[in-house]
Amino acid sequence: VQLVESGGDSVQTGGSLRLSCTASGISNRNSRMGWYRQGPVKERDLVASITSGGTINYGDSAKGRFTISRDNVKNMIRLQMNNLKPEDTAVYYCNFRYLSVPQYTTWGQGAQVTVSS
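Calculation notes
- Residues numbered from 1 in each chain as written.
- Predicted model: local features only at pLDDT ≥ 70, side-chain atom pairs only at ≥ 80, totals over all residues.
- Heavy atoms only, no water.
- Helix = DSSP H or I, 4+ residues; strand = E, 2+ residues; numbered from the N terminus.
- Contact = heavy atoms within 4.5 Å.
- Phe/Tyr/Trp six-rings, centres within 6.5 Å; stacked < 30°, edge-to-face > 60°.
- Buried < 20%, exposed > 50% of the residue type's maximum accessible area, 1.4 Å probe, protein only.
- Lys NZ or Arg CZ within 6 Å of the ring centre and 35° of its normal.
- Pairing = 2+ DSSP bridges.
- Core = buried A, V, L, I, M, F, W, Y, C linked by side-chain atoms within 4.5 Å.
- Disulfide = S-S within 2.5 Å.

Side note on the side chain of Thr-106
Turning to its location among the elements, Thr-106 is positioned in strand E10 (residues 105-107). Ignoring sequence-local partners within four residues, the contact set of Thr-106 consists of Val-1, Leu-3, Cys-94, Asn-95 and Phe-96.

Dropping the structure here:
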């Protein structure tokens, strides 16, 4: 499985960005794709995830501002980020994992999001 991310950029406070992640080489097994982020000297935390069945989970930082969506035909997820704040500055990583055994997970290369005040 390979993940290709796009959409990282620099914006000002209150701006919007949309991140995309496309997976290739996956089977039709149930899976979860999502975005995690890691700021300087911080752990990698969940931003949002969505399963192939449409179940969505948001991290606390994303609730009310970010929206995740998934296109199962294109094997793509998108993360619409609105009202961005400086504390959203981080490297955003796409993650893919199968939900059944044999378990498998992989990460994208990361997309830098920088929000300036």
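So, the packing of aromatic side chains
Inspection of the entire model under this criterion finds three aromatic pairs. Consider the rings of Tyr-36 and Trp-107, whose centres lie 5.1 Å apart with planes at 70°: the pair is edge-to-face. One end of the pair, Tyr-36, is in strand E4 (residues 31-38); the other, Trp-107, is in strand E10, and 71 residues separate them in sequence. The class of Tyr-36 is buried, set by a relative accessible area of 17%. Relative accessible area serves as the criterion here: at 35%, Trp-107 is assigned to the partly exposed category. An aromatic cluster of at least three residues, connected via ring pairs, comprises Phe-96, Tyr-98 and Tyr-104. Its end group placed over the ring of Tyr-98, Arg-29 keeps NZ or CZ at 4.0 Å from the ring centre. One residue, Arg-44, lies across the ring of Tyr-93, its end atom 3.7 Å from the ring centre.

A short note on the pairing of strand E11 (residues 111-116)
Residues Ala-111, Val-113 and Val-115 line the buried face of E11, whereas the alternating positions Gln-112, Thr-114 and Ser-116 sit on a face that is not buried. Bridging between strand E2 (residues 10-12) and E11 involves three bridges; their strand directions are parallel. When the sheet's bridge partners are listed, Gln-12 is paired in E11 with Ser-116. Sheet analysis places strand E9 (residues 90-98) next to E11, joined by three bridges and oriented antiparallel. The partner of Val-91 across the bridge, within E11, is Gln-112.

Points about the nonpolar core
The biggest cluster of nonpolar side chains holds 26 residues, and the ones touching the most others in it are Trp-35, Leu-79, Met-81 and Tyr-92. If you list the elements that add at least two residues to this core, you get strand E3 (17-24), E4, strand E5 (45-51), strand E7 (66-71), strand E8 (76-81), E9 and E11. Per element, the largest residue contribution to this core is five residues, and it comes from E9. Residue contacts for Met-81: discarding those within four places in its chain leaves Gly-15, Ser-16, Leu-17, Leu-19, Arg-65, Phe-66, Tyr-92 and Val-113.

Re the pairing of E3
Bridge count for strand E1 (residues 2-6) against E3 is five bridges, and the pairing is antiparallel. Bridge pairing in E3 places Val-4 opposite Thr-22. One ladder, built from six bridges, connects E3 with E8; its direction is antiparallel. Residue pairing across strands places Arg-18 opposite Gln-80, the latter belonging to E8.

Focus on the state of the cysteines
In the structure shown here, the tally under the stated rule is one disulfide. Between Cys-21 and Cys-94 runs a disulfide, and the two sulfur atoms are separated by 2.0 Å. A torsion of -85° about the S-S bond marks the disulfide between Cys-21 and Cys-94 as left-handed. Remark: Cys-94 occurs in strand E9 and Cys-21 occurs in strand E3; sequence separation between them is 73 residues. Both residues of the pair, Cys-21 and Cys-94, count as buried.

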